[in-house]
Amino acid sequence: SSTLLYFKHISEIKGPFNERRIQEWYRLGLFENACLFYFVKPGTASDDSTSSFALEELRTRNGIGAPFHLPSDAAPAEKT
């Protein structure tokens, strides 16, 4: 997918990263359940106004094996 992901670490938003990179870090156990993820289209910045999803929510929606697919009822943020 061409959607990019950002994540919030402490109070700073990190990214953008592609789904494959985030999935690699996830397999290494680098994210806690409360970690927030933002899905955006390329060329779009993420900030606190962008819809976010906690890892725990993504696991519930998409399964624990590969949780980083854009939730079906959410659209990636558009460039404004």
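As the structure is a computational prediction, the values presented were derived from the model and not from experiment. Numbering of residues begins from 1 in every chain and follows the order in which that chain's sequence is written. Two thresholds apply to this predicted model, a pLDDT of at least 70 for residue-level local features and 80 or more for giving and counting side-chain atom pairs, whereas whole-chain, interface and lining totals are computed over all residues. Side-chain calculation: all heavy atoms of the structure are included, whereas hydrogens and water are not.

**Focus: the nonpolar core**
When a protein is soluble and globular, its nonpolar side chains tend to lie buried together.
Stage number 1. In this structure, L5, F7, I22, Y26, F31, C35, F37, F39, F53, L55, L58 and F68 together form the largest nonpolar core, which totals twelve residues.
Stage number 2. At the level of elements, strand 1 (4-9), helix 1 (19-27), strand 3 (36-40) and helix 2 (55-62) are the ones that each hand at least two residues to this core.
Stage number 3. In this structure, F7 is in contact with E12, I13, K14, F17, I22, W25, F31, C35, L36, F37 and Y38, ignoring residues within four places of it in sequence. Residues belong to one nonpolar core when they are buried, are Ala, Val, Leu, Ile, Met, Phe, Trp, Tyr or Cys, and are joined through side-chain atoms within 4.5 Å. Three exposure classes are used, based on accessible area relative to the maximum for each residue type with a 1.4 Å probe and protein chains only: buried under 20%, partly exposed in between, and exposed over 50%. What counts as a helix is a DSSP run of H or I of at least four residues, what counts as a strand is a run of E of at least two, and both are numbered from the N terminus. A contact between two residues is defined here by any heavy atoms of the two lying within 4.5 Å.

**Here's the deal with the environment of H69**
Stage number 1. Its place among the elements puts H69 in the segment after helix 2.
Stage number 2. Spatially, the C-alpha atoms of H69 and T3 are 9.0 Å apart, while their sequence positions differ by 66 residues.
Stage number 3. In this view, H69 contacts E19, F39, L58 and N62; residues no more than four positions away in its chain are not counted.

**A few points about the sheet that holds strand 1**
Stage number 1. Taken together, the four strands give an open sheet; going across it, the order is 2-1-3-4, and neighbouring strands pair in antiparallel fashion. Looking at strand neighbours, the two that pair on one side only are strand 2 (12-17) and strand 4 (52-54), the edges of this open sheet. The average undirected angle you get between the axes of adjacent strands in this sheet is 30 degrees.
Stage number 2. Note on pairing: two strands pair once DSSP finds at least 2 bridges between them. Bridge count between strand 1 and strand 3: four bridges; the pairing is antiparallel. Residue pairing for strand 3: L4 is matched across the bridge by V40.
Stage number 3. This element, helix 2, spans strand 3 and strand 4 of the sheet and lies at about 85 degrees to strand 4. Lines fitted to C-alpha atoms define the axes, with helix axes restricted to the stretch in contact, and inter-axis angles between N-to-C directions lie between 0 and 180 degrees.

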